[in-house]
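# Summary of the model geometry
Each chain, letter by letter, is given below.
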Amino acid sequence: MQLRAFHAVATQASFTLAARTLGLTQPTLSQSVKALEERYGVLLFERSSRRVQPTEMGRRLFQLTTRLFDTEQEAATLLEGSAQLARGLLQLGADSPYYVMPLIAEFDRRHPQVEIRLSIGNAGAVLEDLSEARLDVALLSNPPVDPRFHIVPLYRDPVRLMLPEGHPLAAADTVPVAALAGQRLVMRETGSMTRRTVERGLAEAEIAPGAVFEVTGREAVQEAVALGLGLGFISAGEIRPDPRIAVRPLADCAWHTDEYVLCQRDRRRFPAIRAFIELAVTATA
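Everything in this summary refers to the structure shown in the same document. (Residues numbered from 1 in each chain as written. Predicted model: local features only at pLDDT ≥ 70, side-chain atom pairs only at ≥ 80, totals over all residues. Heavy atoms only, no water.)

What follows concerns empty space enclosed by the protein. In this structure the tally under the stated criterion is one cavity of 30 Å³ or more. Its boundaries defined by the atoms lining it, the largest cavity holds a volume of some 210 Å³. In this structure, the largest cavity is lined by 22 residues; those nearest its centre are Arg-188, Ser-192, Thr-194, Arg-195 and Phe-233. Going through the elements one at a time, β8 (185-187), α7 (193-204), α8 (218-226) and β10 (232-235) are the ones with two or more residues in the lining of the largest cavity. In terms of residue count, the dominant contributor to the lining of the largest cavity is α7 (four residues). Of the residues that constitute the lining of the largest cavity, the class distribution is 10 nonpolar, seven polar and five charged. (1 Å grid on protein atoms, 1.4 Å probe; cavity = no way out; pocket = protein on both sides within 12 Å on 5 of 7 lines; lining within 4 Å. Points joined across faces, edges and corners; volume = space filled by probe spheres on them. Helix = DSSP H or I, 4+ residues; strand = E, 2+ residues; numbered from the N terminus. Nonpolar A, V, L, I, M, F, W, Y, C, P; charged D, E, K, R; others polar.)

A complete count under the given rule lists five aromatic pairs for this structure. Centroid distance Tyr-99 to Tyr-155: 5.4 Å. Interplanar angle 50°. Geometry classified as tilted. One end of the pair, Tyr-99, is in helix α5 (residues 97-110); the other, Tyr-155, is in strand β6 (residues 149-164), and 56 residues separate them in sequence. Taken together, the aromatic side chains of Phe-6, Phe-15 and Phe-45 make up a single cluster linked through ring pairs. (Phe/Tyr/Trp six-rings, centres within 6.5 Å; stacked < 30°, edge-to-face > 60°.)

Now for the pairing of β6. Judged from the nine bridges that link them, β6 and strand β12 (residues 256-264) form a sheet pairing that is antiparallel. Considered in β12, the bridge of Pro-158 is made with His-256. Bridging between β6 and β10 involves four bridges; their strand directions are antiparallel. Within the sheet, the bridge partner assigned to Arg-160 lies in β10 and is Ile-234. Of the strand pairs in this sheet, β6 and strand β11 (residues 245-251) are connected by five bridges, and their pairing is antiparallel. Within β11, the position partnered with Leu-161 by the bridge is Arg-248. (Pairing = 2+ DSSP bridges.)

Closest axis-to-axis distance for the helix α1 (residues 2-12)/helix α3 (residues 26-40) pair is 8 Å, and the angle between their directions is 110°. As far as their axial angle goes, α3 and α1 are roughly perpendicular. Where α1 crosses over α3, the handedness of that crossing is left-handed. Residues Gln-2, Leu-3, Ala-5, Phe-6 and Val-9 of α1 pack against Leu-29, Ser-32, Val-33, Ala-35, Leu-36 and Arg-39 of α3. (Axes fitted to C-alpha atoms, helices over the stretch in contact; angles between N-to-C directions. Parallel < 35°, antiparallel > 145°, perpendicular 65-115°, else oblique. Left-handed = near helix turned anticlockwise from the far one by under 90°. Contact = heavy atoms within 4.5 Å.)

Within the secondary structure layout, Glu-132 lies in the loop between α6 (123-131) and β5 (137-141). Look at Glu-132 and you get partly exposed, because its relative accessible area is 24%. Measuring from C-alpha to C-alpha, the distance between Glu-132 and His-150 comes to 15 Å, with 18 residues separating the pair along the chain. Apart from the residues within four sequence positions on either side, Glu-132 is in contact with Phe-62 and Gln-264. (Buried < 20%, exposed > 50% of the residue type's maximum accessible area, 1.4 Å probe, protein only.)

A word on the nonpolar core. Soluble globular proteins tend to bury their nonpolar side chains together. If you look at the biggest cluster of nonpolar residues, it comprises 23 residues, and the most contacted ones within it are Leu-90, Val-137, Leu-139, Val-261 and Phe-276. Broken down by secondary-structure element, the contributors of at least two residues to this core are β3 (88-94), α5, β5, β6, β12 and α9 (271-283). A total of seven residues in this core trace back to one element, the largest contributor, which is α9. Among the nonpolar cores identified, the runner-up in size contains 18 residues, and Val-159, Leu-185, Val-198 and Leu-231 belong to it. (Core = buried A, V, L, I, M, F, W, Y, C linked by side-chain atoms within 4.5 Å.)

Bringing α5 into the picture now. Compared with an ideal rise of 1.5 Å per residue, which puts 14 residues at 20 Å, α5 spans 20 Å between its outermost C-alpha atoms and is within 8% of the ideal. For α5, the set of buried residues is Pro-97, Tyr-99, Val-100, Leu-103, Ile-104 and Phe-107. Projected down its long axis, α5 carries its buried residues within an arc of 150°, all on one side. For α5, the exposed residues set more than 90 degrees away from the buried face come down to Pro-102 and Arg-109. N-cap assignment for α5: the residue whose side-chain oxygen lies 3.2 Å from the backbone N of Tyr-98 is Ser-96. (Expected span 1.5 Å × (residues − 1). Arc of directions from axis to C-beta. Polar contact = N/O pair within 3.5 Å; in protein donor to acceptor, adjacent residues only side chain to side chain.)

A few words now on the pattern of salt bridges. Opposite charge on two side chains allows them to pair when their charged atoms are near. A complete count under the given rule lists 17 salt bridges for this structure. Residue Arg-156 is joined to Asp-258 by a salt bridge in which the shortest nitrogen-to-oxygen separation is 2.7 Å. Separated by 102 residues along the polypeptide, Arg-156 in strand β6 and Asp-258 in strand β12 bring together distant segments of the chain. Arg-156 gets classed as exposed once you look at its relative accessible area, which sits at 56%. A salt bridge links Glu-238 to Arg-218, with the shortest nitrogen-to-oxygen separation between them at 3.2 Å. With Glu-238 in the loop between β10 and β11 and Arg-218 in helix α8, the pair connects residues that are 20 residues apart, well separated along the chain. Take Arg-218: its relative accessible area is 9%, and that puts it in the buried class. One continuous salt-bridge network, built from bridges that share partners, spans Asp-70, Asp-136 and Arg-267. (Salt bridge = Lys/Arg side-chain N within 4 Å of Asp/Glu carboxyl O.)

This is the structure we're talking about:
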């Protein structure tokens, strides 16, 4: 019970939410965690009024309890005969809604009894949630090679330039990369894979843009471009019609993002996780 109490708190980052998840009172849950800490003379959580953070020991123990309870759940899945996805919960994360939504629609059609939850964020945040087992599966652009993850490539998406309608550079069918020199750019927050791709491409081409206007989220980038605050970038698969914006390919370069589906390597045998990854690979082949 003490390990389960610890695992719930580490998963939820909250004693209150963990107690609710386990159907316990908060004092009972807190006492279980405290008893575990006192038994081994360790501190597992840094407690504050706003958030509960695991210590280094707590993070290491959480990796072990995640494998422990995942294995327990896998055994229960086998014994209960739910390998056919008769029920369950699948927690997905993605750095863009445009790629994952069609897959969710098809998965829901095939397995309507499985509850699906989706979180959208930049690639760095989604990857952190996946590594901490707050997500089961993620769709990301250019994730780092990491032995903890089972990573499957899906497709390659070229990067396009967004300009305000009527911008001089929009007069041509393509825009030379050199034309970006001195231009004010609208860029997403640090952690965005599209931003990393563009910054790397500009550096390799030895092109220095003008000022950079940083915003959070692709919708904010598009709105800023539409209002003339700078030039922005978008993956081709994310383009949605907007009469205020002209979208052009970049000439003389091959900037692109690669989309992948990934999960924790130790959890890829879970029926819902395995089924979603197989669906993603088939749908994008």
